[in-house]
Amino acid sequence: MKNDTASKWRVGIDIGGTFTDIVAINPKDNTIRVGKVPSRYEDPVGAIVEAITSLELEADDIDVIVHGTTRVTNAIIEGTMAPVALLATDGFEDSIEIARLSRAELYHLDVPPKLPPLAPSERRIPVAERMAYTGDVLKPLSAEEISRVVAQAKSLGIDSVAVSLLHSYANGTHERQLGQALADAGLHVSLSHQINPEAREYERTAVTLLDAAVTPIAVNYLGTLENEPLIKGKLRLFHSAGGMATPDAVRNRPLVMAMSGPAAGVAATARLGGGFGHNSLLTFDMGGTTTDVCLVQDGEADISVDKKIAGRPIRMPMVAVESIGAGGGSIVRVDTGGLTIGPDSAGANPGPAAYGNGGTQATITDISVVLGYMNLDKKLGGRMTLDRDAAIKTITPMAEKLGMGIAEFALGTAKVANAVMSRALRRVTVERGVDGRNCALVAFGGAAPLYAAGLARMYGICDVVVPRASSVFSALGCVVADTSYTDQRTIRSESDTWNEASFAAHLAEARTAVLKPFLDEGISEGAIQVEHTALVRYVGQSSEVATRITLPHDISMTGESFRKNHDQLYGFATDESFEIVSLRTVGVLPSGVSATVAPGEPNDGPTLISTGDVWFDAEAPVSTPRYDRATCAAGRQIYGPAILEDASSTVVVPPNWSVTANAAGDLLMKDHDHDR
Amino acid sequence: MTVDPFTIEVIRHGLSAAAEEMSLTVMRAARSPVLREAGDLSSALTDHKGDLISQGKDIPAHIGTMSFTVKQFLNWIPKEQLRAGDVWFTNHPECGGNHLPDVKAIRPIFAKDKLVAFSISLAHWADVGGAWPGSYYTAATDSIQEGLRLPPLRLFHADGPDREKIAVVTSNVRGQHLTEGDIFAQMSATRSAEQRVLEICEEYGVDVFQQALEQLHDLSEAQMRQALLGLPDGVYKGEDFVDEGGPDDAPAAVRVTITVKGDTADFDFTETDDKINSVLNTTPLMAAAAMMYAIKAVAGPEIQPNGGCYRPLTFKTRPGSLIDPGPMVPIVGGNHETSQRVADAIFRALEGAVPTRLTAGGPTTAGLFIFGGVDAKGRYSTLYEVHGGGEGARTDRDGCPAVRVHMVNTSNTPVEVIEAEYPLRVLQHRLRKGSGGAGKHKGGDGIVREYLTLGDDMVLTTMFERRVVAPYGLCGGESGAPFRATLYRENEPDRELPGKSNMSLKKGDRLKMESSGGGGFGTK
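In every chain, residue numbers begin from 1 and rise along the written sequence. Think of it this way: whatever chain is written first is A, whatever ligand is written first is 1, and the rest follow in order. Reporting in this predicted model follows two pLDDT cut-offs: at least 70 for local features of residues, and 80 or more for side-chain atom pairs to be given and counted; totals over whole chains, interfaces and linings ignore these cut-offs and use all residues.

Student: What am I meant to see in the overall build of chain B here?
Tutor: For chain B, the helix and strand inventory stands at nine helices and 20 strands. Relative to its length of 524 residues, chain B is compact, with a C-alpha radius of gyration of 22 Å against a globular reference of 24 Å. Across its three principal axes, chain B shows a C-alpha extent of roughly 75 × 60 × 40 Å. Classification of the 524 residues of chain B by burial places 65% in the buried group. A pair of residues counts as a contact when their C-beta atoms, built from backbone coordinates, are separated by no more than 7 Å. Counting contacts in chain B only where the partners sit at least 6 residues apart, residues at least 24 apart contribute 75% of the total. Counting from the N terminus, the helices are DSSP H or I runs at least four residues long and the strands are E runs at least two residues long. With C-alpha atoms as the basis for the radius of gyration, the globule rule is written as 2.2 Å multiplied by the number of residues raised to the power 0.38. The burial criterion counts other C-beta atoms lying within 10 Å of a residue's C-beta, which is placed from the backbone; the residue is buried at 20 or more, exposed at 12 or fewer, and partly exposed between these limits.

Shown next as structure tokens:
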């Protein structure tokens with residue numbers, strides 16, 4: 001089939017641990033195709049090709065393929081990164097190992113207090129040079145020293161080198177000189193003043209080392225992807241700050257992929273048209289071992305710069321996803337201290353007891369089975385059916401220990417699971433000065449639609465959205481997301497000695513920097529939206545408050561917005577002088593694709609699949625209809641209790657809740673106990 | 001009424017989240033580097049009687065203290081005087097105080113006109129006045145010389161801040177411009193916790209909330225009893241030594257006799273040496289805090305820490321001793337130094353009972369160096385440098401290099417922050433290679449940090465231990481290298497500095513800090 005560009009498909013692909021999800025949208029009429037194929041750990045590209053083929057798409061049909069992957073994230077979590085060397089200012093080569101001294105566990109003496117650094121001491125090379133905090137050179141970097149340290153790095157037999165010199169955020173000349181020489185010697189190089197041009201040497205060095213350690217993995221993976229004829233020339237990658245980037249941009253800074261997977265689901269939420277009558281949405285993505293939540297306000301995801309992955313600090317702008325160690329596989333226990341959930345998980349193997357693979361510990365999934373949420377006749381992933389007796393067997397001793405029935409125990413455990421997840425919601429809302437109860441909860445991923453109503457009620461949220469493509473939502477996020485590039489630079493200017501002209505120069509430079517990759521691709525400047533955010537604090541504070549800048553810039557207006565934000569966050573604001581610490585600039589090329597897809601065939605259902613006992617109350621089960629989700633008529637309200645299911649997800653609608661499908665097939669659930 | 005275990009768990013999560021949120025708020029909103037960089041602060045919630053019900057992931061020494069602060073506060077200020085919206089500040093040694101720099105902000109929380117809880121934000125102020133910048137006056141002979149003593153003082157009420165009282169406080173500390181912001185940050189933290197508690201009370205009702213707190217205490221008590229059953233019954237003796245200050249300036253001993261019997265344990269400290277001629281005396285509260293830390297670390301790290309944990313434990317100190325010196329005695333250093341001696345004495349005692357649960361000696365000292373000066377605007381500026389060292393080894397692994405252990409858990413201040421904000425340059429920041437003690441598993445290495453003074457008229461305070469008494473090895477492992485500080489000054493011989501001193505610095509002076517290595521475990 002021949003296509004002009006305007007009618008070519010945009011394809012989103014998300015590779016997860018079990019499935020590779022694909023969503024294709026044709027922007028011409030907003031039609032959507034959705035697919036799922038098993039992931040292949042050794043051959044991810046093979047799975048991608050299979051997924052594309054399953055949608056009956058050929059190379060000529062496709063405009064762009066946007067890929068979200070956990071490859072970089074997993075390498076960090078599993079510690080399977082490439083060996084790297086660190087070049088650091090002489091005398092400070094151990095700063096990365098000394099770190100910030102504090103330990104994560106206060107009372108567990110057996111736990112090693114810190115992670116070992118990615119570059120052990122034999123791969124840390126001191127460099128004779130020194131900058132002052134002003135950017136003045138205290139000790140020059142000689143040509144002899146450059147050749148000496150490059151030769152030493154070369155002799156280590158590694159492919160990738162991080163360079164992090166003191167005060168390089170103020171003057172990156174020495175780092176650039178070293179970077180050039182290392183690149184000439186055939187090594188991958190990550191320079192700290194480019195990765196993260198901000199003060200505090202440990203954090204900057206840590207993020208630079210991590211970038212260097214994932215570079216060989218990312219470069220190889222990108223190479224394999226681009227060798228595939230079906231993908232070649234069409235590839236974009238989904239980055240942690242919630243947008244797409246070209247393969248070349250990712251090669252230069254692979255760590256931008258660190259949160260690629262979770263960021264895609266958040267991006268899809270940001271593009272749900274109109275927000276269903278709410279300015280603020282909370283994403284709720286419950287997987288096997290963790291639950292991820294994020295705040296999306298006015299179509300924009302919250303951004304954070306101080307996340308950790310697997311205990312390693314990553315100081316770069318990323319979608320502010322908060323993860324908490326409670327998912328479908330989290331283990332439930334009763335001991336002297338009471339009832340606990342997780343943080344350890346039964347994993348995929350043996351998995352929950354109900355999977356019948358020899359799992360003997362009760363998990364949240366077993367609780368879902370016992371409560372009657374799951375369809376016991378359906379084959380999961382086409383393979384196994386669920387074993388309710390096995391689930392009951394693991395739960396019984398715990399229920400007996402607490403002197404209660406199975407149902408009462410299971411309902412109670414679900415309540416605790418909701419409490420644990422509420423904690424994550426609290427971190428992204430109240431702790432940022434937002435009242436989460438005014439948000440709608442957007443549930444996607446495996447287990448989220450099971451628990452969304454219960455979590456919402458506990459947290460005081462009245463509206464829940466389960467988007468049509470909820471089970472492939474991250475892949476959808478890849479399709480609908482904008483292309484974006486972020487620049488963050490240190491400013492450090494105080495309000496009482498403000499120089500508007502020099503700030504204007506920074507604004508212009510930052511603008512040029514974020515525009516460059518677009519212009520390189522031949523995109524016109526007029527199509528790009530550029531927005532600036534100042535990171536502002538009172539003089540003396542160490543944490544900044546993100547404050548949107550309006551142009552033409554006026555320091556007194558920025559000050560006013562800062563004080564307003566500070567008051568909202570901390571409950572006070574003063575007229576003291578403040579400083580703009582950094583400037584974050586984002587350039588966006590809007591995709592113009594909405595996550596609300598075109599209506600499918602009209603339905604007049606729902607079609608009943610079966611009726612069965614579900615426990616919403618410990619007294620007695622309620623006979624609850626189970627409907628085929630795909631057959632729900634748009635606009636027809638269904639009152640709970642009810643269960644809606646499709647091939648890969650199950651939505652629980654408790655009593656006193658209702659659910660209505662819209663024309664696009666998104667489900668809107670309402671809590672009628674609240675009369676707000 | 002009994003609250004079901006699920007509601008209990010839900011409330012417990014809500015309360016720990018509230019305490020953790022408080023600490024984040026202080027770090028983000030505060031001005032002093034000692035708070036925003038080093039994180040020398042802690043947060044807690046108590047019930048209406050002052051028993052701890054939740055804590056942040058902070059500093060065990062602080063948390064131990066705060067389990068007494070509100071109780072003693074209530075002896076001082078009758079409940080009838082408390083109002084919603086109040087925030088009271090105190091650092092008074094006789095009001096649940098540990099040392100003057102640790103100032104607590106206490107907010108009574110009322111739900112439906114009923115006092116249900118308190119939120120407390122403890123923050124180490126960079127200066128609380130007294131004879132020496134940084135408020136560690138090592139020659140102090142009484143508490144008055146150590147700084148401004150604040151009995152409970154209501155700095156905020158429902159209508160807002162009491163500017164006059166705040167001015168009295170900030171006029172008596174160095175670095176007024178930072179302290180005011182820190183006071184507001186502490187207030188802000190107690191306020192966020194109040195909101196969380198009120199949300200819980202609204203959701204479940206005040207009666208359920210209060211009953212749940214009772215049950216949380218009972219659960220922790222049961223956990224502690226079970227943990228104690230896991231220790232063999234017996235009488236165990238142990239001792240550890242403060243570097244100096246005893247008769248003839250010899251090391252002074254903290255001694256403990258622990259009697260474990262079934263699900264209880266008694267800690268008798270009465271054989272501890274007499275109070276010493278130094279600022280290293282400490283209060284019985286700190287001894288109790290150290291006891292709580294040590295027993296939890298050895299017997300039950302998982303125990304939910306709250307007031308109930310203390311019920312199976314008893315302890316005794318002797319008036320006139322190093323850890324029960326009486327009122328008005330200077331105690332600024334004892335807070336973080338001697339309290340660690342108490343914990344180490346307990347660990348030494350348990351070496352005969354449960355050696356494989358223990359860690360060999362580590363940097364159980366604040367490793368504190370305070371640089372004081374006046375900035376370009378003529379304002380006092382104080383850099384509060386704390387240092388970790390090498391962790392001791394364990395039965396199954398080497399010690400970790402460069403960490404904080406046991407009662408303290410503060411961070412260092414980045415070199416790039418120090419150089420941008422103070423007239424100092426850092427010449428090196430390295431591991432102190434080979435400083436860990438030998439053994440089957442070896443101790444972790446300490447740290448070297450060397451400073452160059454760029455300004456005139458600066459002053460320095462040192463406050464560290466493990467200079468004379470090195471971190472101990474366990475089960476035949478060797479000691480780690482002791483702490484050392486050396487001053488290099490032009491035209492003068494190099495000079496090793498004492499562990500407790502106040503002195504002037506000259507431009508061009510170099511100060512080299514070498515922190516202790518950890519003890520080894522087992523014979524090589």
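Student: Mind showing me how you'd approach the overall build of chain A here?
Tutor: Summing up its helical and strand segments, chain A has 16 helices and 35 strands in all. Its C-alpha atoms give chain A a radius of gyration of 26 Å, within 12% of the compact-globule value 26 Å for 676 residues. Projecting the C-alpha coordinates of chain A onto the three principal axes gives extents of approximately 80 × 65 × 55 Å. Looking at the 676 residues of chain A, the share that counts as buried comes to 52%. Pairs at least 24 residues apart make up 66% of the contacts formed inside chain A by residues separated by at least 6 positions.

Student: Could you clarify how one ought to interpret the packing of helix H4 (residues 143-155) of chain A against helix H5 (residues 173-184) of chain A in this entry?
Tutor: Describing two packed helices takes the angle between their axes plus the distance from one axis to the other. Residue and element names in this part refer to chain A. Where H4 contacts H5, the two axes come as close as 10 Å, and the packing angle between them is 50°. Compared by their axis directions, H4 and H5 come out oblique. Crossing hand, H4 versus H5: right-handed. Along its contact with H4, which presents Ile146, Val150 and Ala153, the element H5 presents Gln177, Leu178, Ala181 and Leu182. Residues of the contact of H4 with H5, tallied by class, amount to six nonpolar, one polar and no charged. Axis definition: a line fit to C-alpha positions, over the contact stretch in the case of helices; interaxial angles, taken between N-to-C directions, run 0 to 180 degrees. Throughout, the term roughly parallel applies to angles under 35 degrees, roughly antiparallel to angles over 145, roughly perpendicular to angles from 65 to 115, and oblique to all others. In a left-handed crossing the near helix is turned counterclockwise from the far helix by less than a right angle, and in a right-handed crossing that turn is clockwise. Here the term charged refers only to Asp, Glu, Lys and Arg, the term nonpolar to Ala, Val, Leu, Ile, Met, Phe, Trp, Tyr, Cys and Pro, and the term polar to all other amino acids, Gly among them.

Student: Which parts of the structure should I look at to understand the pairing of strand S1 (residues 41-47) of chain B?
Tutor: Looking along a regular strand, one sees the side chains alternate between the two faces of the sheet. Residues and elements named next belong to chain B. Taking burial as the measure, the seven residues of S1 include seven buried ones, the bulk of the element. One requirement defines pairing of two strands: DSSP has to find at least two bridges between them. Where S1 and strand S2 (residues 52-55) come together, three bridges link them in antiparallel fashion. For Thr46, the partnering residue across the bridge sits in S2 and is Leu52. Joining the antiparallel neighbours S1 and S2 is a turn of four residues, in which Gly50 adopts a positive phi near 100°.

Student: When you look at the sheet that holds strand S14 (residues 424-432) of chain B in this model, what are you seeing that I'm missing?
Tutor: Two modes of strand pairing occur in sheets, parallel and antiparallel, and in both the strands are linked by backbone hydrogen bonds. Pairing in this open sheet of five strands is antiparallel, and the strands run S14-S15-S20-S17-S18 (chain B) from one edge to the other. Of all the strands in the sheet, just S14 and strand S18 (495-496) of chain B have a single pairing partner and so form its edges.

Student: Please explain the interface of chain A and chain B as it appears in this structure.
Tutor: Put simply, an interface is often sized by how much accessible area is lost when its parts join up. Contacts between the two partners involve 46 residues from chain A and, on the opposite side, 60 residues from chain B. Where the side of chain A that touches chain B is concerned, the elements lending two or more residues are helix H3 (95-98), helix H7 (201-227), strand S22 (338-345) and helix H12 (406-428) of chain A. With seven residues, H12(A) is the single largest residue contributor to the side of chain A that touches chain B. For the side of chain A that touches chain B, the class distribution of residues is 20 nonpolar, 14 polar and 12 charged.

Student: Please clarify how the sheet that holds strand S6 (residues 124-127) of chain A should be interpreted in this entry.
Tutor: Residue and element names in this part refer to chain A. Spatial ordering of the open sheet is given by S6-S5-S9-S10, a layout of four strands whose pairing is parallel. The two strands at the open ends of the sheet, each matched to only one other strand, are S6 and strand S10 (188-191). Between one strand axis and the next, the sheet turns by 20° as a mean value, whatever way the strands run. Where H4 meets the sheet, it contacts strand S5 (84-89), S6 and strand S9 (160-164), and its direction lies at approximately 175° from that of S6. Packing against the sheet, H7 makes contact with S5, S9 and S10, and its axis sits at approximately 160° to S9.

Student: When you look at the domain arrangement of chain B in this model, what are you seeing that I'm missing?
Tutor: All names here are of chain B. Start and end positions for the domains come from either an automated domain assignment or a database one. Segmentation of chain B into domains returns domain 1 (5-221) and domain 2 (359-524). The straight-line distance from the C-alpha centre of domain 1 to that of domain 2 is 30 Å. Taken together, the contact between domain 1 and domain 2 spans 20 residues of the former and 23 residues of the latter. At the level of elements, helix H2 (33-36) and helix H3 (60-76) are the ones that each hand at least two residues to the side of domain 1 that touches domain 2. Classifying every residue of the side of domain 1 that touches domain 2 gives 11 nonpolar, five polar and four charged.

Student: Teacher, can you tell me more about H3(B) here?
Tutor: The periodicity of an α-helix, 3.6 residues per turn, causes residues three or four positions apart to be oriented the same way. An ideal rise of 1.5 Å per residue puts 24 Å on 17 residues; H3(B) measures up with 25 Å between its terminal C-alpha atoms. Burial analysis of H3(B) places 13 of its 17 residues in the buried class, which makes it a mostly covered element. A helix is expected to span 1.5 Å for every residue after the first.

Student: Whenever I open this one, the pairing of strand S20 (residues 510-514) of chain B confuses me. Can you help?
Tutor: All names here are of chain B. As paired elements, strand S15 (residues 446-453) and S20 share five bridges and run antiparallel to each other. When the bridges of S20 are listed, Glu450 appears paired with Lys512. Of the strand pairs in this sheet, strand S17 (residues 484-488) and S20 are connected by five bridges, and their pairing is antiparallel. For Tyr488, the partnering residue across the bridge sits in S20 and is Arg510.

Student: Is there a simple way to think about the domain arrangement of chain A in this case?
Tutor: All names here are of chain A. We note that the domain assignment places domain 1 (5-75 + 220-257), domain 2 (80-214) and domain 3 (483-589) within chain A. Spacing between the C-alpha centres of domain 1 and domain 2 amounts to 33 Å. Counting residues at the interface gives five residues for domain 1 and seven residues for domain 2. For the side of domain 1 that touches domain 2, the residue count by class is four nonpolar, no polar and one charged.

Student: I tried to follow the environment of A:Pro621 on my own but got confused; where do I start?
Tutor: Residue and element names in this part refer to chain A. Locating Pro621 in the fold gives a position in the loop between strand S29 (607-614) and strand S30 (622-628). Residues Pro621 and Ala407, spaced 214 residues apart in sequence, show a C-alpha to C-alpha distance of 8.7 Å. Apart from residues lying up to four places away in sequence, Pro621 is in contact with Gly372, Asp613, Val614 and Trp615.

Student: When you look at unusual backbone geometry in this model, what are you seeing that I'm missing?
Tutor: One can expect most non-glycine residues to show negative phi and most peptide bonds to be in trans. With an omega of -5°, the peptide bond between A:Leu551 and A:Pro552 qualifies as cis. Within the secondary structure, A:Pro552 is located in the loop between strand S27 (545-548) and helix H16 (555-570). In this structure, the amide linkage connecting A:Gly640 to the following residue, A:Pro641, adopts the cis form with an omega of 5°. With respect to the element layout, A:Pro641 can be found in the loop between strand S31 (637-639) and strand S32 (642-646). You will see that B:Met328, though not glycine, has its phi angle at about 70°, which is positive. Mapped onto the elements, B:Met328 comes out in the loop between strand S11 (313-316) and helix H8 (338-350). Although it is not a glycine, B:Arg466 adopts a positive phi angle of roughly 65°. Here B:Arg466 shows up in the loop between strand S16 (458-463) and S17.

Student: Could you clarify how one ought to interpret H8(B) in this entry?
Tutor: A rise of 1.5 Å per residue sets the reference length of H8(B), with its 13 residues, at 18 Å; its end C-alpha atoms lie 19 Å apart and thus fit the reference within 8%. Burial of H8(B) is extensive: 13 of the 13 residues sit out of reach of the surface.

Student: I tried to follow the confidence of the model for chain B on my own but got confused; where do I start?
Tutor: Residues shown with low pLDDT carry predicted positions that ought not to be read at fine detail. Predictor confidence is given residue by residue as pLDDT, running from a minimum of 0 to a maximum of 100. When the pLDDT values of chain B are averaged, the result is 94; 100% of them are 70 or greater. We note a pTM of 0.89 for the whole complex and an ipTM of 0.93 for its interfaces.

Student: Looking at this model, I keep getting lost on the environment of A:Leu519. Mind explaining?
Tutor: Residue and element names in this part refer to chain A. Within the secondary structure layout, Leu519 lies in helix H15 (residues 500-520). Look at Leu519 and you get exposed, because 12 C-beta atoms sit within 10 Å. Between the C-alpha atom of Leu519 and that of Ile13, which follows or precedes it by 506 residues, the distance is 26 Å.

Student: I tried to follow the environment of A:Pro116 on my own but got confused; where do I start?
Tutor: The topology assignment puts A:Pro116 in the loop between H3 and S6. Counting along the chain gives 18 residues from A:Pro116 to A:Ile98, while the straight-line C-alpha distance between them is 9.7 Å.

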